[in-house]
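Summary of the model geometry
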Amino acid sequence: MPSIDIVRRDENPHETVHGFRTDTASRGTDLAGAKITATYSDGTTETLTWIAYDPYTNGGTSGDNIEMSYGWDWHNLTTTKPLASLKIDLQPASSVFDTTYDYNDFPSGISTPGSKNGFPFELDTADQGVSGDITVTYSGTVNIAGSPAVGDIYTTMEIDFSQLPAGGFLGLLKWNSDIDTLEVPGDLLPSPATCLVRGTLVTTDLGEIPVEELKSGCKILTRDNGFQELVVTTSRVVEAPELRRNERLFPVRITAGALGRGYRSVICLFPASTAWSSVPTSLDVCLRPTSHWLQQFALRSFRGSTLTTLSSRLNTFISSSRGMKSFSPNLRRPRVSL
């Protein structure tokens, strides 16, 4: 049997609002839509999409030099050309890899609540002919909305066969790795923590520039280390159907002047984005996620509307005359008493 090295990477975070199905045991049909990338020892690649073979159990995919199938027991992999690596992304299938054996939910254990116990990549003991080293890397850590990632659930698994004697795998292999399917299809989205809403002004050495116009090499003002060079930019379009599936992605719009006289323009933030207030207000000056202000100071976000207080006591923080004028009279009533 080969040596199997399991690596878990805390990167490319994803989030689910509704969590996992009660029946967490996934079958081949549940993986429909998953993206498969096969990289061969000669440098060529194939990109495939997993499909359901029947309504209840079996699924798989095939390419020019690879065939994969799964029902409910072992995954079957067959290659006709040495395979250097195999990458499986379950996010499009609303499924995840559950990589730890612990049955106890966090914080008493190391299992994401609702995922039950899982296990990482393993080979069928009958595959005694395979020798060498295999590295299996899990990435795309997953958390349940409102809770931190525990470190057991991932969207993606990549199997590295390049250290096998032939520089790759050739033949038939039976393998397994526990997979859970989500309760609601489509409820597995990249976490918005590092996103800035289009139109957000960023201070550079050339002045304030909308975030979508930034390029690699721009020098951006940081709080701790002055102007620093921007290494890379990435962007993602969130369409209306995706927003409807996850209200935690709704941007929060703060009207001009609502946070104090020093704020003369509209500010748009994601709930997980952090914001530093340096203009004197009745609130302590500190760095907090926008979601903290929503919870701590009885604020509420609405689709396409403005951020507003739900109590007149906080009018020094959000001007009710500005922040609530776009709401109907019913929505202008305080929802809590402080």
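As a starting point, this report considers the structure included with it.

What counts and what doesn't
- Residues numbered from 1 in each chain as written.
- Predicted model: local features only at pLDDT ≥ 70, side-chain atom pairs only at ≥ 80, totals over all residues.
- Heavy atoms only, no water.
- Helix = DSSP H or I, 4+ residues; strand = E, 2+ residues; numbered from the N terminus.
- Contact = heavy atoms within 4.5 Å.
- Areas by Shrake-Rupley, 256 points an atom, 1.4 Å probe, with all protein chains shown as cover.
- Phe/Tyr/Trp six-rings, centres within 6.5 Å; stacked < 30°, edge-to-face > 60°.
- Buried < 20%, exposed > 50% of the residue type's maximum accessible area, 1.4 Å probe, protein only.
- Lys NZ or Arg CZ within 6 Å of the ring centre and 35° of its normal.

What about the overall build of the protein?
Helix and strand counts for the protein stand at 4 helices and 25 strands. Summarising the internal contacts of the protein: among those between residues at least 6 apart in sequence, 57% fall at separations of at least 24. For the protein, the exposed area adds up to about 17,900 Å²; of that, 50% sits on carbon and sulfur atoms.

Remarks on the packing of aromatic side chains
The description of an aromatic ring pair uses the distance of the two centres, along with the angle that the planes make with each other. Tallied over the entire structure, the rule returns 4 aromatic pairs. On the basis of an interplanar angle of 25 degrees and a centroid distance of 5.8 Å, the ring pair of Phe121 and Trp175 is categorised as stacked. With a gap of 54 residues between them, Phe121 in the loop between strand E9 (95-98) and strand E10 (122-123) and Trp175 in strand E13 (residues 169-176) connect regions that are remote in the sequence. The exposure class of Trp175 is buried, given its relative accessible area of 2%. An aromatic cluster of at least three residues, connected via ring pairs, comprises Phe97, Tyr138 and Tyr154. One Lys or Arg, Lys81, reaches over the ring of Tyr40 and ends 4.7 Å from the middle of that ring.

Section: unusual backbone geometry
For residues other than glycine, phi is negative in most cases, and the peptide bonds are mostly trans. The residue Asn12 is not glycine, and still its phi comes out positive at about 50 degrees. As for its placement among the helices and strands, Asn12 is situated in the loop between strand E1 (3-8) and strand E2 (14-16). On the accessibility criterion, Asn12 (46% relative accessible area) is partly exposed. For Ser94, which is not a glycine, the phi torsion comes out positive at approximately 55 degrees. Here Ser94 lies in the loop between strand E8 (75-89) and E9.

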